[in-house]
Amino acid sequence: MLAVPEMGLQGLYIGSSPERSPVPSPPGSPRTQESCGIAPLTPSQSPKPEARAPQQASFSVVVAIDFGTTSSGYAFSFASDPEAIHMMRKWEGGDPGVAHQKTPTCLLLTPEGAFHSFGYTARDYYHDLDPEEARDWLYFEKFKMKIHSATDLTLKTQLEAVNGKKMPALEVFAHALRFFREHALQELREQSPSLPEKDTVRWVLTVPAIWKQPAKQFMREAAYLAGLVSRENAEQLLIALEPEAASVYCRKLRLHQLLDLSSRAPGGGRLGERRSIDSSFRQAREQLRRSRHSRTFLVESGVGELWAEMQAGDRYVVADCGGGTVDLTVHQLEQPHGTLKELYKASGGPYGAVGVDLAFEQLLCRIFGEDFIATFKRQRPAAWVDLTIAFEARKRTAGPHRAGALNISLPFSFIDFYRKQRGHNVETALRRSSVNFVKWSSQGMLRMSCEAMNELFQPTVSGIIQHIEALLARPEVEGVKLLFLVGGFAESAVLQHAVQAALGARGLRVVVPHDVGLTILKGAVLFGQAPGVVRVRRSPLTYGVGVLNRFVPGRHPPEKLLVRDGRRWCTDVFERFVAAEQSVALGEEVRRSYCPARPGQRRVLINLYCCAAEDARFITDPGVRKCGALSLELEPADCGQDTAGAPPGRREIRAAMQFGDTEIKVTAIDVSTNRSVRASIDFLSN
C-alpha cells in the first residue's frame, strides 16, 4: 500500500497498489539522501481522479495585461457588465499626433537601475539621449522571448540590456508589470471613484500556450514582486494562454467583425479588397434554419453569430502569430453552453515577427560586416534602436503585391560611425557587398526592393505554415475547416497572403478578426470573467513521481533490484499522475496521500518528474527529467493522536493536484485535523 517517492525521503507516499512499499532506494542511488525506516501505514485506497468545480473568488473588476514580445497593453471590464470591455487609454508616441491601442514592450531604467519609463516614453527618451550618456542607461526591449528560450530558467536568471549590462530578469518584468498596475488602477479610480481598492481586482496575465511550467511560475513570481497580488491571495491572479484567450473572444464575434481571406474579389484582387465573411455563411444559415432552437440558445448564452451557425462538435484552429512566437491550439465547440474543449496539446515555436527583424540584422551583417554591427550595437545602443524603429515602420507596409521599393533611413550616427571605423562610406560598402537587391539612395537611405523585403519574411512565415500543416496532419485534428489568424503579426499582409495561399487550397477557411491585434487582450478580459469557459485541456507532458514497487522477475530489470530485510523491491519506478496528450477536465483532481518520515517533521518535499512520452517506466529512462518539487508545509501536531486508523504518532497528508487548468495546482489537508496544509509546486528551483 505504500511507496517512497523520489523526494529526498523526507516523507512516505501512500499509494493504491499493494505492490508499493516504503522501502527507500539503495544508498548508491543519486536520488537517495537518507533512510526513513518507518513501518507501512494502511490508509484507504487513493481515489481516482475526481472532477471538482473550481471555486471563484469575488471581485468587482477584471484587469487583463497582454504582455507581448513587441507590444503590450491592458484592458478591463466590470463584473456588473462583463462583456463591456474598456480599452486602456491610447498611448501617445511614435509618429506625432498618432495614438495607439498598445505601447512597445520597452523598459528604461536609470544608470542606477531605478525605473524611469515604459513604452513609447521609454523609447523616445532613450532615443533622445546623448550617445555617450545612453551607454549608462539600461534599455530593455523584446525581453519576453528570453524567458521562452531560457533552458535553465530560475529566479536568478539575468537579462542583458541594449548596452550589455545585466540585471535580474525578475526585476525587469516586475518593473513592467508595476507600470501597468499603476496605470490601470489610476484609470479605474477615475472611472469608478467608489470602487474599493482591496481585493476587488482580478488580474489576468497572458502567456504563450507553449510556455512550460517554469515560465508560467516566473510570470506569477514577477506579479507578486510587482504588487499585483499577494501570495496569500494567489487566486486573484489568473494566467491566460494567449491562443485560448483569442478563441474565447472570437466566439463572441458577429459575422461582420470577421474577414474571410478566401473570399477574394474577382480577378484575384489584393488583400485590402477582401469581402466580409457574412456572404460565406449565408448558405450555412439557410441550412441551419430548421435548428433555430439550438441557435437561439447559443446566442442567448453569449456566443456570436458565427458560432451559432456551427454544429455541436465543430472544431477549429487558432493560430496566434505574435511578436516572439506562433502558438497553435485546437478547440471543439460544445453545446449547449458554448464551452470549449482542447483537442490537441498546444504547439508552436519561435516564429514571431522578431524573426523578420533578425533577418534584417543578418542582412546588415552581410553588407557592413558582423563585427561592425556588433560594435555599433554596443557603442551606439540608442542609434541601433533608432535603426530598428525605422525598419519596423517599413516592415508594416510590406505586402505581396506592393510595386514600389522601400526606403529605410540610416541614422546619421550609423553613417558617421561606419566611416570612422572602416575608412570609407556606407555607399562604398553597398557597392562592394554581394547584396545586389539593396541600393543606396541619394536621400541617405537604404533602398530595398519589395522582393528583398518579402524574402526577409520567408523563414518566419514558412515556419508558421509548416507548424500549421503539421498540426492539421494529426488524426485528432481531422475535420477542421476553420482557422483563426490572430496576434500582432497576423496584421501583416505578407503573412495573410502566404497562409491563405498554402492552406486555402486544402479547403481550410482562413478568418481574421477586424481588431486582430487586440484579440488576445480582449479575450483575456473575458477569460478572467469566466475562466471555466475552457472546460477540457490536454496535458502537454507526462507528470509523476519515483516510487518503489515489488520486484517482478522478467518484468523489472535486474539492475533495479533492491533487497531490504529479505524483501525484493524495484527502484526508480515512474508512477504517473497524468499522461501526455491526456484530456483533463477543469477541476479534475489527482489525489495522493503522504506521511512524514519523522515525528515533528515540518516539511515534506517530493520530487516531480516529467517527460514527453506516455509510456515511461522509470525515472531514469531517456527523456525523463526532474522538473519540480511538491512541497507540503506542516504545522506542529500532537504526535500521539490517531489519524484515520494509523498507528499513534503518524500523520497522513492528502494532496490533490489539478492538471486541467492553465497552471498545475495543488492543495492539501491534514487528514487527522481536516485542516488545510500549505502546499505548492516549485518549478524554478531545480
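Quick summary incoming for the structure in this document. (Residues numbered from 1 in each chain as written. Predicted model: local features only at pLDDT ≥ 70, side-chain atom pairs only at ≥ 80, totals over all residues. Heavy atoms only, no water.)

### Quick word on the overall build of the protein
Assigned secondary structure in the protein consists of 17 helices and 36 strands. In the protein, buried positions account for 56% of the 686 residues. In the protein, 70% of the contacts between residues at least 6 apart in sequence involve partners at least 24 apart. (Helix = DSSP H or I, 4+ residues; strand = E, 2+ residues; numbered from the N terminus. Buried < 20%, exposed > 50% of the residue type's maximum accessible area, 1.4 Å probe, protein only. Contact = heavy atoms within 4.5 Å.)

### Comments concerning the nonpolar core
Of all hydrophobic cores here, the largest spans 149 residues; its most connected members are Phe140, Trp203 and Phe368. Excluding anything up to four places from it in sequence, Phe368 contacts Ile373, Leu410, Phe414, Tyr418, Arg422, Val426, Ala429 and Leu446. Judged by nonpolar contacts, the second largest core, of 31 residues, contains Val573, Cys610, Phe618 and Ala655. (Core = buried A, V, L, I, M, F, W, Y, C linked by side-chain atoms within 4.5 Å.)

### Observations concerning the pairing of strand S15 (residues 201-207)
Extensive coverage of S15 is indicated by the burial of 7 of its 7 residues. Burial along S15 is two-sided: Val201, Trp203, Leu205 and Val207 and Arg202, Val204 and Thr206, pointing in opposite directions, are all buried. Note that strand S4 (residues 61-67) and S15 share 5 bridges and pair parallel. In the strand pairing of S15, Val63 is matched with Trp203. In the classification by handedness, the crossover that spans S15, the intervening helix H5 (residues 213-226) and the parallel strand S16 (residues 237-241) is right-handed. (Pairing = 2+ DSSP bridges. Right-handed = clockwise from strand over helix to strand, strands pointing away.)

### Some points on the environment of Phe372
Its place among the elements puts Phe372 in helix H11 (residues 370-379). Owing to a relative accessible area of 2%, Phe372 belongs among the buried residues under this scheme. As for Phe372 and Gln421, which are separated by 49 residues in sequence, their C-alpha atoms are 7.9 Å apart. Those residues in contact with Phe372, other than ones at most four positions away along the chain, are Phe414, Phe417, Tyr418, Gln421 and Arg422.

### Some remarks on a negative patch on the surface
A grouping of Glu112, Asp130, Glu133 and Asp136 is seen on the molecular surface, where their side chains present a negatively charged patch. Residue position: Asp130 is located in the loop between helix H1 (120-128) and helix H2 (131-134). (Patch = residues over 30% accessible without salt bridge, like charges linked within 9 Å, V, L, I, M, F, W, Y side chains within 5 Å. Areas by Shrake-Rupley, 256 points an atom, 1.4 Å probe, with all protein chains shown as cover. Salt bridge = Lys/Arg side-chain N within 4 Å of Asp/Glu carboxyl O. Lys, Arg positive; Asp, Glu negative; His and termini not counted. Charge placed at Lys NZ, Arg CZ, Asp CG, Glu CD.)

### Observations concerning the environment of Ala114
Considering the arrangement of structural elements, one finds Ala114 in the loop between strand S10 (106-109) and strand S11 (115-118). For the pair Ala114 and Trp137, spaced 23 residues apart in sequence, the C-alpha to C-alpha distance is 10.0 Å. What Ala114 contacts, discounting residues up to four positions off in sequence, is Leu108 and Leu109.

### What about the sheet that holds strand S18 (residues 315-321)?
Taken together, the 8 strands give an open sheet; going across it, the order is S17-S25-S24-S18-S19-S20-S26-S30, and neighbouring strands pair in mixed fashion. Looking along the sheet, the strands with just one partner apiece sit at the ends: strand S17 (258-260) and strand S30 (583-585). The average undirected angle you get between the axes of adjacent strands in this sheet is 30°. Here strand S20 (residues 339-349) runs beside strand S26 (residues 534-538); their pairing, made up of 2 bridges, is parallel. Residue Leu340 lies in a different strand from S26, and its bridge partner there is Val534. Packed on one face of the sheet, helix H15 (residues 450-472) meets S18, strand S19 (326-334), S20 and strand S24 (482-486) and runs near 35° to S19. (Axes fitted to C-alpha atoms, helices over the stretch in contact; angles between N-to-C directions.)

### Focus on the packing of aromatic side chains
This model, assessed by the stated rule, comprises 25 aromatic pairs. Here Phe372 and Tyr418 contribute two aromatic rings whose centre-to-centre distance is 5.0 Å and whose plane-to-plane angle is 90°, an arrangement assigned as edge-to-face. One end of the pair, Phe372, is in helix H11; the other, Tyr418, is in helix H13 (residues 412-422), and 46 residues separate them in sequence. Tyr418 gets classed as buried once you look at its relative accessible area, which sits at 3%. Where Phe376 meets Phe414, the ring centres are 4.9 Å apart and the plane angle is 75°; that geometry is what we call edge-to-face. One end of the pair, Phe376, is in helix H11; the other, Phe414, is in helix H13, with 38 residues separating them in the sequence. Across this residue pair, the class does not change: Phe376 and Phe414 are buried. Within the aromatic cluster, the residues linked to one another by ring pairs are Phe368, Phe372, Phe376, Phe414, Phe417 and Tyr418. Over the ring of Trp211 we find Lys144, and its NZ or CZ is 5.6 Å from the ring centre. (Phe/Tyr/Trp six-rings, centres within 6.5 Å; stacked < 30°, edge-to-face > 60°. Lys NZ or Arg CZ within 6 Å of the ring centre and 35° of its normal.)

### With respect to unusual backbone geometry
Despite not being glycine, Lys142 has its phi angle at roughly 50°, a positive value. Structurally, Lys142 can be placed in the loop between strand S12 (138-141) and helix H3 (144-149). Relative accessible area serves as the criterion here: at 27%, Lys142 is assigned to the partly exposed category. Residues other than glycine seldom take positive phi values, yet Asn674 does so here, at roughly 60°. With respect to the element layout, Asn674 can be found in the loop between strand S35 (665-670) and strand S36 (675-682).

### A word on the side chain of Gln601
Structurally, the position occupied by Gln601 is in the loop between strand S31 (588-596) and strand S32 (603-611). Classification of Gln601 as buried rests on a relative accessible area of 5%. Here the side chain of Gln601 touches Arg603 through a polar contact of 2.6 Å, landing on its backbone oxygen. (Polar contact = N/O pair within 3.5 Å; in protein donor to acceptor, adjacent residues only side chain to side chain.)

### Remarks on the packing of H11 against H13
For the pair H11 and H13, interaxial distance at closest approach is 11 Å and the crossing angle is 125°. The angle between H11 and H13 places the two elements in the oblique class. For the pair H11 and H13, the sense of crossing is right-handed. Packed against H11, whose contacting residues are Asp371, Phe372, Ile373, Thr375, Phe376 and Gln379, the element H13 presents Ser413, Phe414, Phe417, Tyr418, Gln421 and Arg422 at the interface. A class-by-class count of the residues in the contact of H11 with H13 yields 6 nonpolar, 4 polar and 2 charged. (Parallel < 35°, antiparallel > 145°, perpendicular 65-115°, else oblique. Left-handed = near helix turned anticlockwise from the far one by under 90°. Nonpolar A, V, L, I, M, F, W, Y, C, P; charged D, E, K, R; others polar.)

### A few points about the pattern of salt bridges
Applying the stated criterion across every chain yields a total of 31 salt bridges. In this structure, Glu221 and Arg231 form a salt bridge, with 2.6 Å as the shortest nitrogen-oxygen distance. With a gap of 10 residues between them, Glu221 in helix H5 and Arg231 in the loop between H5 and S16 connect regions that are remote in the sequence. A salt bridge links Lys560 to Asp572; its shortest N-O distance comes to 3.1 Å. Remark: Asp572 occurs in strand S29 (residues 567-578) and Lys560 occurs in the loop between strand S27 (542-550) and strand S28 (561-564); sequence separation between them is 12 residues. For Asp572, a relative accessible area of 5% corresponds to the buried category. What you see here is one network of salt bridges that share partners, running through Lys142, Asp357, Glu392, Lys395, Arg396 and Glu491.

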